[in-house]
Amino acid sequence: MSGDLVAVLRSPRVLDLLMGGGDSVEGEDVEAFLERRIIKYLSEAPEDVDRKLLVLALTVSCIHMFVQSNWTGPPLSIDLSELLPASLHSSQESIHSSLLLDGESVYSLVSNPVLLLLARVVLTKCSHLLSDLQLLPWWTVRYVSLHQQILEARSQQLFSLAQSSMQEVLGRQSLLTHQRNLLIQFHLECVYTCLSYYEYQPAKEHINRAVELAGLAVNTTGALGKRTRFQENYLAQMILEVRRLQDQTGSDLSPSPTPASSLPKDYSLGDDTLLDKISLAEPDQFQLPDLLAEEQAVILGLCTDFQKNNPVHKLTSEELLAFTTTLLSQPKFWAVHVAALFLRTKLERGKTRFVERAMMQTQAIADHFENQSCPVTERLKVFYCCQAPTRWVVQKQLSSLMIDLGCLSSALLIYEKLELWEDVVICYEKLGKHGKAEEIIRQELAKKETPSLYCLLGDVLRDHQYYDRAWELSGGRSARAMRSKALLHLRAKEFQQCADCFELSLKINHMQLGVWFSLGCAYFALESWEGAAKAFQRCVELEPDNAEAWNNLSSAHIRLNRKTKAFRSLQEALRCNYEHWQIWENYIGVSVDVGEFREAVRAYHQLMELKENYKDMQVLKILVRAVVENLPDSQGAPAASLGPKLRELLGRVSARHSSDAEVWHQYAQLYGGGRSANMEENEKALHFLNKAHRCTLQASGWEKDPAALKTIVEKAVALGEATISCCKTKSNPSEALQMLSSARLSLRSLSTKAKQTHTDVLTGQLHQDLQDGVADLDRLVTELQELAGNLRNTS
């Protein structure tokens, strides 16, 4: 309780628990030894609460010390080999093997992994003997979070354990009812755990609950302020507004602040133009309350959730910087402070004026790991509900910044020191030293053969034999080996072998998002639509905001003739990416297929916004036919109700494509084609038919093709009939005469052109395909002439 973690491990009772039974059994590894000792200790007195509390104290101490070793610092001052029998002192490889889950290996330089292994044994193998400890599942959630962060990729085993543990704690919320601060911390820890496994909706529910419990109102807003030293006028700036909805007082369990002098230094920008922070016109109006530890953690949680649920964009970065600026304005807690500083460096790395500070800040965070001035008890305050970066992630970020600045050699030294061989290879490739990349991997293999090194050698040389060796060396447990082998097959367009290898990799670890996507693409190439649908379905389950995966899933459903499922998938794709015109094109096609006519109209409008010259006559014809024939839509509702919306759409289309005859013809059909009982609609239809006819005749070469001319003649006949129908109801004789005269001249001209071009010189016969149409034209010309004569006589 006082934070003396080393004393727990060195206490006589703990040493007796671990070492009291003497040496290990022959052939026993570290995990089996620890499990045997702890089960024996607890089973000797199953009702002894003190023994259970001792095991809990040991577990918590191990978790805290593992965090100290790899996240917070300062380095431990204890040799952990004294906790194990002499025969197990050299079992580092065995410990790493025990922590390998779902074929995903542990980072090679993780410090003191035996601490995590001991916690794992207690929380997973011996938990049935500790059921009296009702909040043990909460420590299990914390263990899962730590273990996941040291693995190469997501682990399904850890995900399942995290889910069941979170449910257990939520089922015992009554224990925490009067401890609001602890309940906030738990929900925040759940947020990070859910986000780690692509569970975005549950994460959103947890963060909302934490905000509600904290009684905070947190919003990005605008305020007048200045960003530069020479700015004369106050302009609107984005800031974070934080208000308490009711007065809060810290409980005894809420941590007290750490002195600012003990925290990593927050470097100023030192720019001769930009200010360090926004100078507000009315700073008192946006005064930040004196935030408690949990309240700061809630703001950081909101920031992380926002980052995970929004695309990489300049506006997103501005909003995230508003969060970090707020948190850094009150430096109180190590975990919050480091997480906020680290996020700020990531946001600033691409900006010329900020990159120098980003570099210095990252170096300061890295150096602080070794700093002894801030005790670990201060660093651990609200650590688990903030997810600060591991020491090697910070170092990796530092190297990445060096690469951005062109310091490849300096970055390479850090990567080699951290044994991040994949990044070492990338550096050598950028330096053009392709042979050196192979050489350094072979040097490491000469020291010790590992599956990951053989995988890297396979990546460099693009040779399957090294992946096969990695697979063999791992005993068929390396998901990475099969994943890389599959990608090499994919590059060579060997799709069946590629799919087989991906399937093997996923059999070991189901949580590989990128592999599911690549597998779906491989099945597409093989035209195995069922396999593709399954792969992309799993992909969107893991990452619901993956627009491309949703779009590909809909394509698979279309091939399988599952149009309704394809429609729903495309709706999800558009929710994720509203500006992707290719998705909208797919969506409009599927919408008309399934009878979602209203959605098709909406999609057409959107496509006209996204693509300046967009036009799809096939879709327009289907929509016009649906409305004219009053077909039922997917819900059984009559499509005629969509008439006004479709007229509005065709108004936009005709304005943009005013020379397209077919657009005007469809517009006329929407108004009844001149056969409506409504006189006004008939006049509009006639107007559009005339425009269609004029656009047709303006094109070149139409008179030479009998098939094209036949279609034009048929539409001209419809124009003549519409003119007659309209004139019979016209109240003004002079207007009617003008319409009749114009139509008669158009039809006679077309008839003459058809006869001149397609009459056989020898037989004097008109082309067979045109005979009926031209006869109808001549009949209509006569009828129009007679109607005009009658009107003149009447007037």
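Structure first, text after, so check above.
Notes on the structure follow. (Residues numbered from 1 in each chain as written. Predicted model: local features only at pLDDT ≥ 70, side-chain atom pairs only at ≥ 80, totals over all residues. Heavy atoms only, no water.)

Looking only at helices and strands, the protein chain features 36 helices and three strands. A globule of 795 residues ought to have a C-alpha radius of gyration of about 28 Å, yet the protein chain, at 37 Å, is considerably larger. Dimensions of the protein chain, computed from C-alpha atoms along their principal axes, come out at roughly 125 × 65 × 55 Å. Counting over 795 residues, the protein chain shows a buried share of 51%. The long-range fraction of contacts in the protein chain, counting pairs at least 24 apart against all pairs at least 6 apart in sequence, stands at 66%. Counting only carbon and sulfur atoms, one obtains 49% of the accessible surface of the protein chain, whose full area is about 36,800 Å². (Helix = DSSP H or I, 4+ residues; strand = E, 2+ residues; numbered from the N terminus. Rg over C-alpha atoms; globule rule 2.2 N^0.38 Å. Buried < 20%, exposed > 50% of the residue type's maximum accessible area, 1.4 Å probe, protein only. Contact = heavy atoms within 4.5 Å. Areas by Shrake-Rupley, 256 points an atom, 1.4 Å probe, with all protein chains shown as cover.)

On to the environment of K125. Mapped onto the fold, K125 is located in helix α6 (residues 113-125). Given the relative accessible area of 28%, K125 is considered partly exposed. Separated by 35 residues in the primary sequence, K125 and S160 have C-alpha atoms spaced 15 Å apart. Other than its neighbours up to four places away in sequence, K125 contacts E31, E35, I39 and R120. Within the local environment of K125, its side chain forms a polar contact with the side chain of E31, the two groups lying 2.9 Å apart. (Polar contact = N/O pair within 3.5 Å; in protein donor to acceptor, adjacent residues only side chain to side chain.)

Right, let's get into the pattern of salt bridges. If you walk through the whole model with that rule in mind, you get 47 salt bridges. One salt bridge in this structure joins R172 and E168, with 3.7 Å as the shortest N-O distance. Overall, E168 belongs to the partly exposed group, its relative accessible area being 37%. With its nearest N and O atoms 2.9 Å apart, the salt bridge here joins E438 to R442. With E438 and R442 both in helix α19 (residues 434-447) and four residues apart, the pair spans about one turn of that helix. The exposure class assigned to E438 is partly exposed, which follows from its relative accessible area of 24%. Owing to a relative accessible area of 37%, R442 belongs among the partly exposed residues under this scheme. Salt bridges sharing common partners tie together K40, E44, D48 and R51. (Salt bridge = Lys/Arg side-chain N within 4 Å of Asp/Glu carboxyl O.)

Attention now moves to the sheet that holds strand β3 (residues 274-280). Read across the sheet, three strands follow the order β2-β1-β3 without closing on themselves; strand pairing throughout is antiparallel. Single-partner strands in this sheet number two, and they are β2 (235-244) and β3. Pairs of neighbouring strands in the sheet enclose a mean axial angle of 50°, with direction left out of account. Bridge count for strand β1 (residues 216-228) against β3 is three bridges, and the pairing is antiparallel. Its bridge partner being in β3, T228 is matched across the sheet by L274. Sheet strands touched by helix α12 (residues 314-328): β1 and β2. Its angle to β2, the strand with the most contacts, is close to 50°. (Pairing = 2+ DSSP bridges. Axes fitted to C-alpha atoms, helices over the stretch in contact; angles between N-to-C directions.)

Attention shifts here to the layout of surface pockets. Empty space within the second largest pocket amounts to approximately 1,300 Å³. In this structure, the second largest pocket is lined by 32 residues; those nearest its centre are M1, V60, H64, W139 and R142. If you list the elements that add at least two residues to the lining of the second largest pocket, you get α1 (5-10), α4 (49-72), α7 (136-149) and α9 (180-196). The element best represented in the lining of the second largest pocket is α4, accounting for six residues. Among the residues forming the lining of the second largest pocket, the class breakdown is 20 nonpolar, seven polar and five charged. (1 Å grid on protein atoms, 1.4 Å probe; cavity = no way out; pocket = protein on both sides within 12 Å on 5 of 7 lines; lining within 4 Å. Points joined across faces, edges and corners; volume = space filled by probe spheres on them. Nonpolar A, V, L, I, M, F, W, Y, C, P; charged D, E, K, R; others polar.)

Looking at where T362 falls in the secondary structure, it is placed in helix α14 (residues 355-368). Judged by its relative accessible area of 0%, T362 is buried. Reaching out from T362, the side chain makes a polar contact with the backbone oxygen of A358 at a distance of 2.7 Å. T362 has contacts with T345, V394, Q397, L398 and L401, leaving out every residue within four places of it along the chain.

Unfilled space is identified by rolling a water-sized probe across the atoms. Applying the stated rule across the entire model yields two cavities of 30 Å³ or more. Counted as a void, the largest cavity has a volume near 100 Å³. Lining the largest cavity are V141, R142, S145, L146, Q149, E189, Y192, T193, F383, Y384 and Q387. Elements with a minimum of two residues in the lining of the largest cavity: α7 and α9. It is α7 that contributes the most residues to the lining of the largest cavity, five residues altogether. For the lining of the largest cavity, the residue count by class is five nonpolar, four polar and two charged.

With the rule as written, the count across this model stands at zero disulfides. Just so you know, C190 is unpaired, no disulfide at all, and the nearest cysteine sulfur is the one on C194, 6.1 Å from it. Overall, C190 belongs to the buried group, its relative accessible area being 0%. Of all cysteine sulfurs in the structure, the one in C501 sits closest to C498, which takes part in no disulfide; the separation is 7.3 Å. On the accessibility criterion, C498 (0% relative accessible area) is buried. (Disulfide = S-S within 2.5 Å.)

It is worth spelling out the packing of aromatic side chains at this point. This model, assessed by the stated rule, comprises 21 aromatic pairs. Measuring from centroid to centroid gives 6.4 Å for W71 and W392, while their planes differ by 55°, and the two rings are tilted. Here W71, found in helix α4, pairs with W392, found in helix α16 (residues 391-404); they are 321 residues apart in sequence, far enough to count as distant. Taken individually, W71 and W392 each receive the classification buried, so the pair is uniform in this respect. Lying over the aromatic face of Y41, R51 brings its terminal NZ or CZ to 4.4 Å of the ring centre. (Phe/Tyr/Trp six-rings, centres within 6.5 Å; stacked < 30°, edge-to-face > 60°. Lys NZ or Arg CZ within 6 Å of the ring centre and 35° of its normal.)

For α9, spanning 17 residues, the distance from its first C-alpha to its last is 25 Å, which sits close to the expected 24 Å at 1.5 Å a residue. By the criterion of burial, α9 is predominantly enclosed, with 15 of the 17 residues buried. (Expected span 1.5 Å × (residues − 1).)

Across the 10 residues that make up helix α32 (residues 661-670), a large majority, nine, are buried. For α32, every residue scored as buried is listed here: A661, E662, V663, W664, H665, Q666, Y667, A668 and L670. Its buried side turned inward, α32 meets α30 (617-628), α31 (643-656), α33 (679-698) and α34 (706-728). Regarding α32, its N-cap is D660, as a side-chain oxygen of that residue lies 2.9 Å from the backbone nitrogen of E662 further along. Backbone geometry just after α32 places G672 at a positive phi near 95°.

Take the pairing of β2 next. Regular strands place side chains that alternate from one sheet face to the opposite one. Strand direction decides the pairing type here: β1 and β2, joined by 10 bridges, are antiparallel. Looking across to β2, one finds that A217 is bridged to R243.

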